[in-house]
Protein chains: 2
Amino acid sequence: MMMQTPLTMTQMIRRAEKFFPKKEVVSRTGSGIQRFTYKTIAERTKRLAESLQKLGIKRGDKVGTLAWNHHRHLEAYFAIPCSGAVLHTINIRLSPQHIIYIINHAEDQALLIDPDIFPLIEKVKDQLTTVKAFIVMCAEGEMPETTIESVYNYERLLQEASGNYEYPDDLDENAPAGMCYTSATTGNPKGVVYSHRGIVLHSMALGMADSAAVSEKDIALPVVPMFHVNAWGLPFAAVWFGTSLVLPGPYFTPKLIAELIEAEKVTITAGVPTIWLGLLKELDENNYDMSSLRSVLCGGSAAPRGMIKAFEEKHGIPFMHAYGMTETSPLVVISSLKSYQEELSSEEKLNIKAMQGILVPGLEMKVVGKDGEASWDGKEMGELAIRGPWIASGYYRDERSDEAFRDGWLYTGDVVTVDEEGFMKIVDRTKDLIKSGGEWISSVDLENALMAHEAIFEAAVVSVPHEEWQERPIACVVLKEGYKGTVTKEELYTFLQPQFAKWWLPDDILFMEEIPKTSVGKFLKMRLRDQVRTMSSELK
Amino acid sequence: MMMQTPLTMTQMIRRAEKFFPKKEVVSRTGSGIQRFTYKTIAERTKRLAESLQKLGIKRGDKVGTLAWNHHRHLEAYFAIPCSGAVLHTINIRLSPQHIIYIINHAEDQALLIDPDIFPLIEKVKDQLTTVKAFIVMCAEGEMPETTIESVYNYERLLQEASGNYEYPDDLDENAPAGMCYTSATTGNPKGVVYSHRGIVLHSMALGMADSAAVSEKDIALPVVPMFHVNAWGLPFAAVWFGTSLVLPGPYFTPKLIAELIEAEKVTITAGVPTIWLGLLKELDENNYDMSSLRSVLCGGSAAPRGMIKAFEEKHGIPFMHAYGMTETSPLVVISSLKSYQEELSSEEKLNIKAMQGILVPGLEMKVVGKDGEASWDGKEMGELAIRGPWIASGYYRDERSDEAFRDGWLYTGDVVTVDEEGFMKIVDRTKDLIKSGGEWISSVDLENALMAHEAIFEAAVVSVPHEEWQERPIACVVLKEGYKGTVTKEELYTFLQPQFAKWWLPDDILFMEEIPKTSVGKFLKMRLRDQVRTMSSELK
């Protein structure tokens, strides 16, 4: 039979150290840009693991990180799980209340904190019930003043380590390696626990030719934060495969991202649509050499067709749609054209690229419609359910698990269609679908149509209650600079009319300065719905 | 935590059926070339699984195949393991005695046999102790005459199946899925059992961008036989990823391979060096359009540098060296240049490509020299040891397991060096190394040097006993047509002298008509050694 060697993360960092010691990590922190080889990163990672052990961190202990994308966070990504502890990345954009809840609920024993985030933790420290060590991720000279006693400097800890640490060889592949909390519609965030096995298999999926094809030949820039679903797993895959990494650090702008891509010859980058909308604006306004880019990976929410078109046709940058969620590590579906689709017209190809894509090898999916499994005809809607070895089986110690996890499947809450080729398209969130007169209206379809208008920067469509039709759509649009005051509601209706059945058209189009967004840049439809419902009732 | 969904092969054929029903399998059998879609292959595969069930095949039962590379063998590749039985591919080039041993040792309950191989089984049927059903893989009209009672026609079985079969959903990922016996230096062949988990992970490794990068966009031609280490796992990966397959059938010639590559626009092909030597000769003599090829994968034994050079520089065909063995599923090491090596001169790149390559993600390796682990300096020799989830942990019910499997590692019997970049080079088999005066001489290095000579078609170097030096090398060379009788021993010595230390030079160079080979095309050094020792002693 085959060997029972476990799928654990130690092999990843060891491979980088042995086979790719010369490859580089470019890291931007508050102090500027630094460059490290994987040889150095691997050595520092061992020193961090040793330091954590000295501070009393044991196997299975949770260690929280509150940090941007930089080399120290990358070291924590491996030092914590490879020593048998659990890497708990904390979304720093959540409210202080939620951050306190998360740290206490996970029972974090130590926190690794960026200096600019430290004041936030300083303020709430008395409410943290389990944390025994606060490690500030900066040089010794950059330490913030503090009244917390058990504060350590990251670089000093590394200096004081002997450097003789070795990772344990007996980790279980099903042991927890990582953890991330995801916002809930109501109530506290819900925790997802990643296993070594899940992370190893998900990394392999990222490296596959028909998926993101992450390779030693790549220079990868994860714009998606490392505090959110492990930056989509890119740092794990990159280290394993010897891929060069460019980590953009705190408070970056579209300009900085464009500059980093140009200067570092980035080949693959990943982020949510709002990031790419921002970059597109920057590229429209200033000149950059983006020719190194082979793939802009986009997920988190649906990318508007117009944006994909602008990237591909105006700027010649290959754009790759993907779909996933915190509960799925996250890669589930990715838009890689099939060989015979390459022969289609550019408009037809764009239609395919505007869909989320096809299932990556290793997972299974089904689409649950009103009456059992929906047929794959590109029309019948249903909720996407997924299973596989990098899909969560429940939330960490949370009674709400039963809502999403049923019969061995994760019910995603996403309403989708799947076409004859197996390409999946997100139609809506189950809770954002507009139920009008017994039929379903997709808020996402209306949004995409609106965002294809040259004057519109962003658009979100939500439902308002309606006496006769149960619910009706209202569109909220943000105009681009230069178009404000010059575009009328009527013009937008004229634009929409040929594209939709009459009863799909929004009952009103509201001009706004901004669409409220979640901490990871998605439209915050719940808050928008409240605003719109208030505005609508005030208008009456 | 993550779902405990098992890594089983059923997901592979299901993915082909759901996502790639239009993709094609081109199959050459004794009756000619046929084309099938994956939709048809998937349906026929289920029918075969149902038929085997009806014939009494249960979970864990071994089902042997004696067949060439064609669509029916591909169907067996999935029908057998996906129904819970074990696909036992039998090397038809072994001696009848070994084939009988293998079938009885594995306790095969049924055999799937190609019509041209059937006479061989007919002859030995009385010595087969466990086989209850003999299925001949041909159309109904092509059935051979036979006196065996329990003979079935493959196509008739499929016709008679209801078509309502579903694969079981509860297979264990560690359950046996496949089996292959490998020749031993002495005694009976040794059996290796592949698990579902091993095959799934190995397939992922084949799909990774820095490995073979098997993709939906590929048209793959496995020349390596499906009766030998699962045709290096290519059929499994191809079906999973929706890759088009071209299966070359029985008794193919270099001309047929060249014609198939041209006609089917093959992008990736895989085989042993002797196959590629044959193809090279064909390409030198006749014109073919080989421009579709993105990779000629070569393993089984070391490819001579001159051959790689001829493929790459003379014919513009990218050549990819790899290393593995029956015990390793087989992919272990593959020669994919690192990004910064692309800038080297073409001669330097050729030197790298002549090495076997670097370890694929998912495995671990060490090189055990005379005094512990050998250093990675490109010079220090040691035996390669490997571990990982697609590496065997022992031979099937075989006392010889302890020789190769020790302390959780597979000791490969291959002597290698590893350079600073982690590129591994096979120096020799431990048993083929020539031990001369306390030093080691690599037979492989001498062979490669000889095969770079324009007049030489093949060369093998073996040791003869020597009173003073313990062992000394003797070279055996086969000249190309047109050079026979025109090249002298002295010319070859003159050619070798500048490349080696004097004591490395062979004591004699013998001209031969042919080098004896194993059933899979490797030099049969043991037999050659006997021949040479006889010849040497006769000369004295």
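Residues numbered from 1 in each chain as written. Chains lettered and ligands numbered in written order. Predicted model: local features only at pLDDT ≥ 70, side-chain atom pairs only at ≥ 80, totals over all residues. Heavy atoms only, no water.

The name an unreviewed UniProt entry assigns to chain A is Long-chain fatty acid--CoA ligase, from the organism Bacillus mesophilum. Regarding chain A, the relevant UniProt record gives this comment under Sequence similarities (unreviewed entry): "Belongs to the ATP-dependent AMP-binding enzyme family." (UniProt positions renumbered as here; feature names shortened; annotations may be inferred.)

Visitor: Let's hear about the overall build of chain A: which residues, and what values?
Guide: Regarding its fold elements, chain A presents 17 helices and 27 strands. By the compact-globule yardstick of 24 Å for 540 residues, chain A fits well, its C-alpha radius of gyration being 23 Å. By principal-axis analysis of the C-alpha atoms, chain A measures approximately 70 × 55 × 50 Å. Among the 540 residues that make up chain A, the fraction classed as buried is 64%. (Helix = DSSP H or I, 4+ residues; strand = E, 2+ residues; numbered from the N terminus. Rg over C-alpha atoms; globule rule 2.2 N^0.38 Å. Buried < 20%, exposed > 50% of the residue type's maximum accessible area, 1.4 Å probe, protein only.)

Visitor: Give me the lowdown on the interface of chain A and chain B, citing residues and values where you can.
Guide: Each partner contributes residues to the interface: chain A has 69 residues there, and chain B has 69 residues. Between chain A and chain B the total buried area reaches about 5600 Å² when both faces are included, carbon and sulfur atoms providing 57% of it. Among the residues of chain A in contact with chain B, Met1, Met2 and Met3 of chain A are the three that bury the most area, contributing 16% of the side total. On inspection of chain A and its partner chain B, the count reaches 6 salt bridges. (Contact = heavy atoms within 4.5 Å. Buried area = accessible area lost by both parts, 1.4 Å probe. Salt bridge = Lys/Arg side-chain N within 4 Å of Asp/Glu carboxyl O.)

Visitor: Describe in detail the domain arrangement of chain A, supporting the description with residues and values.
Guide: Residues and elements named next belong to chain A. Assigned domains of chain A: these are domain 1 (363-429) and domain 2 (434-539). Between domain 1 and domain 2 the total buried area reaches about 590 Å² when both faces are included, carbon and sulfur atoms providing 56% of it. Three residues, Lys370, Met381 and Asp428, lead the burial of domain 1 against domain 2; their summed loss comes to 62% of the area buried on that side. Counting every contact that joins domain 1 to domain 2 gives 1 salt bridge. Note that aspartate 445 and lysine 425 form a salt bridge whose closest N and O atoms lie 3.1 Å from each other. Counting the contacts that link domain 1 with domain 2 gives 3 residue pairs in polar contact (both at pLDDT 80 or more). Counting residues per element, the side of domain 1 that touches domain 2 draws most heavily on strand E22 (residues 424-429), which supplies 4 residues. Per-class residue counts for the side of domain 1 that touches domain 2 are 4 nonpolar, no polar and 3 charged. (Domains from an automatic or database assignment. Polar contact = N/O pair within 3.5 Å; in protein donor to acceptor, adjacent residues only side chain to side chain. Nonpolar A, V, L, I, M, F, W, Y, C, P; charged D, E, K, R; others polar.)

Visitor: Account for the relation of the copies chain A and chain B, with residues named and values stated.
Guide: One copy of the chain maps onto the other through a rotation about an axis followed by a shift along the same axis. Mapping chain A onto chain B calls for a screw motion: a turn of 180 degrees about the axis and a shift of 0.0 Å along it, with 0.0 Å RMSD after fitting. Expressed as a symmetry operation, the mapping of one chain copy onto the other fits a two-fold axis. Considering only C-alpha atoms, the residue of chain A closest to the rotation axis is methionine 208 of chain A, which sits at 2.0 Å. Of the residues that chain A buries at the interface, 100% are likewise interface residues in chain B, meaning the two copies contact each other through the same surface. (Least-squares fit on C-alpha atoms with pLDDT ≥ 70 in both.)

Visitor: Before we move on, could you go through unusual backbone geometry and cite the residues and values that matter?
Guide: With an omega dihedral of 5 degrees, the bond running from serine 329 of chain A to proline 330 of chain A counts as a cis peptide bond. Secondary-structure assignment places proline 330 of chain A in the loop between strand E14 (319-324) and strand E15 (331-334). Not every positive phi belongs to a glycine, and glutamate 107 of chain B is a case in point at roughly 60 degrees. For glutamate 107 of chain B, the location among the structural elements is in the loop between helix H4 (96-106) and strand E5 (108-113). Residue classification places glutamate 107 of chain B among the partly exposed positions, given a relative accessible area of 35%. Positive phi, normally seen in glycine, also occurs at alanine 213 of chain B, with a value near 55 degrees. Secondary-structure assignment places alanine 213 of chain B in the loop between helix H7 (196-207) and strand E10 (219-222). Its relative accessible area of 13% is what places alanine 213 of chain B among the buried residues.

Visitor: Would you mind going over the UniProt feature "domain: AMP-dependent synthetase/ligase" (unreviewed entry) in chain A in detail, with residue names and values included?
Guide: The feature "domain: AMP-dependent synthetase/ligase" (unreviewed entry), as annotated in UniProt, sits at residues 18-396 of chain A in this numbering. Annotated as residues 18-396 of chain A, this span is 32% helix and 23% strand, and its ends, taken at the C-alpha atoms, are 35 Å apart.

Visitor: Explain the packing of helix H11 (residues 273-285) of chain A against helix H12 (residues 305-314) of chain A to me, and be specific about the residues and the numbers.
Guide: Residue and element names in this part refer to chain A. Orientation of H11 relative to H12, taken along the N-to-C sense of each, is 45 degrees, at an axis distance of 10 Å. Compared by their axis directions, H11 and H12 come out oblique. Once H11 is placed against H12, the crossing between them reads as left-handed. On H12, the residues touching Pro273, Trp276, Leu277, Leu279, Leu280, Leu283 and Asp284 of H11 are Met307, Ala310, Phe311 and Lys314. (Axes fitted to C-alpha atoms, helices over the stretch in contact; angles between N-to-C directions. Parallel < 35°, antiparallel > 145°, perpendicular 65-115°, else oblique. Left-handed = near helix turned anticlockwise from the far one by under 90°.)

Visitor: Lay out the pattern of salt bridges with the relevant residues and their values.
Guide: This model, assessed by the stated rule, comprises 74 salt bridges over all chains. Its salt-bridge partner being arginine 14 of chain B, residue glutamate 364 of chain A comes within 3.6 Å of it at the nearest N-O pair. Taken as a pair, glutamate 364 of chain A in strand E17 (residues 364-369) and arginine 14 of chain B in helix H1 (residues 10-19) lie in two separate chains rather than in one. A relative accessible area of 23% places glutamate 364 of chain A in the partly exposed class. Between lysine 517 of chain B and glutamate 458 of chain B there is a salt bridge; the shortest N-O distance is 3.1 Å. Of this pair, lysine 517 of chain B sits in the loop between strand E27 (508-511) and helix H17 (525-539) while glutamate 458 of chain B sits in strand E25 (residues 456-466); the two residues are 59 residues apart in sequence, bridging distant segments of the chain. Overall, lysine 517 of chain B belongs to the partly exposed group, its relative accessible area being 28%. For glutamate 458 of chain B, a relative accessible area of 4% corresponds to the buried category. One salt-bridge network, in which partners are shared between bridges, spans Arg14 and Asp169 of chain A together with Glu364 and Arg387 of chain B.

Visitor: Let's hear about the environment of isoleucine 148 of chain A: which residues, and what values?
Guide: Residue and element names in this part refer to chain A. On the secondary structure map, isoleucine 148 appears in the loop between strand E6 (133-136) and strand E7 (151-153). By relative accessible area, isoleucine 148 is classed as buried at 10%. Between the C-alpha atoms of isoleucine 148 and aspartate 126, which are 22 residues apart in sequence, the distance is 9.5 Å. The contact partners of isoleucine 148, leaving out residues within four places of it in the chain, are Phe118, Glu122, Lys125 and Phe134.

Visitor: Help me get a handle on the side chain of arginine 472 of chain B, residues and values and all.
Guide: Residue and element names in this part refer to chain B. Note on placement: arginine 472 falls in strand E26 (residues 470-479). With relative accessibility at 7%, the residue arginine 472 sits in the buried group. In terms of polar contacts, arginine 472 uses its side chain to reach the side chain of aspartate 507, at 3.0 Å. In this structure, arginine 472 is in contact with Ile434, Ser436, Ile441, Val462, Ser463, Val464, His466, Trp503, Leu505 and Asp507, ignoring residues within four places of it in sequence.

Visitor: Any details on H12 of chain A? Residues and values, ideally.
Guide: Residues and elements named next belong to chain A. Among all positions of H12, only Met307, Ile308, Ala310, Phe311 and Glu312 are buried. Among the structural elements, H11, strand E13 (295-298), E14 and helix H13 (346-353) are those in contact with the buried residues of H12. Phi turns positive one or two residues past the end of H12, at glycine 316, with a value near 65 degrees.

Visitor: So what's going on with the packing of aromatic side chains? Which residues, and what values?
Guide: In this structure the tally under the stated criterion is 26 aromatic pairs over all chains. Taking 5.3 Å as the distance between ring centres and 40 degrees as the angle between the ring planes, the aromatic pair formed by phenylalanine 311 of chain B and phenylalanine 319 of chain B counts as tilted. You'll find phenylalanine 311 of chain B and phenylalanine 319 of chain B in the same group, each marked buried. Three or more aromatic residues joined by ring pairs form one cluster here, namely Phe19 and Phe20 of chain A together with Trp376 of chain B. (Phe/Tyr/Trp six-rings, centres within 6.5 Å; stacked < 30°, edge-to-face > 60°.)

Visitor: Hey, could you go over the pairing of strand E15 (residues 331-334) of chain B for me, with residue numbers and the actual values?
Guide: Residues and elements named next belong to chain B. Pairing of strand E14 (residues 319-324) with E15, which is carried by 3 bridges, proceeds in the antiparallel orientation. Within E15, the position partnered with alanine 322 by the bridge is isoleucine 334. What sits between the antiparallel neighbours E14 and E15 is a turn of 6 residues, in which serine 329 has the positive phi angle 80 degrees. Examined bridge by bridge, E15 and strand E16 (residues 358-359) share 2 bridges and lie antiparallel to one another. (Pairing = 2+ DSSP bridges.)

Visitor: Could you give me a rundown of the environment of lysine 255 of chain B, with the residues and numbers involved?
Guide: All names here are of chain B. Of note, lysine 255 is situated in helix H10 (residues 254-264). For lysine 255, a relative accessible area of 44% puts it in the partly exposed group. Sequence spacing of lysine 255 and tyrosine 152 is 103 residues, and the spatial spacing of their C-alpha atoms is 34 Å.

Visitor: So, the sheet that holds E14 of chain A: which residues are in play, and what are the values?
Guide: All names here are of chain A. In spatial order, the strands read E2-E1-E11-E10-E12-E13-E14-E15-E16; together these 9 strands make up an open sheet with mixed pairing. Both edges of this open sheet fall to strand E2 (32-37) and strand E16 (358-359), since each of them pairs with a single strand only. Packing of helix H2 (residues 38-54) onto the sheet brings it into contact with strand E1 (24-29), E2 and strand E11 (244-247), and relative to E2 it is tilted by some 90 degrees.

Visitor: Let's hear about the confidence of the model for chain A: which residues, and what values?
Guide: Taken residue by residue, chain A gives an average pLDDT of 95. The fraction at 70 or more is 99%. At the level of chain-chain contacts, confidence expressed as ipTM amounts to 0.90, with global pTM at 0.91. (pLDDT = per-residue confidence, 0-100.)

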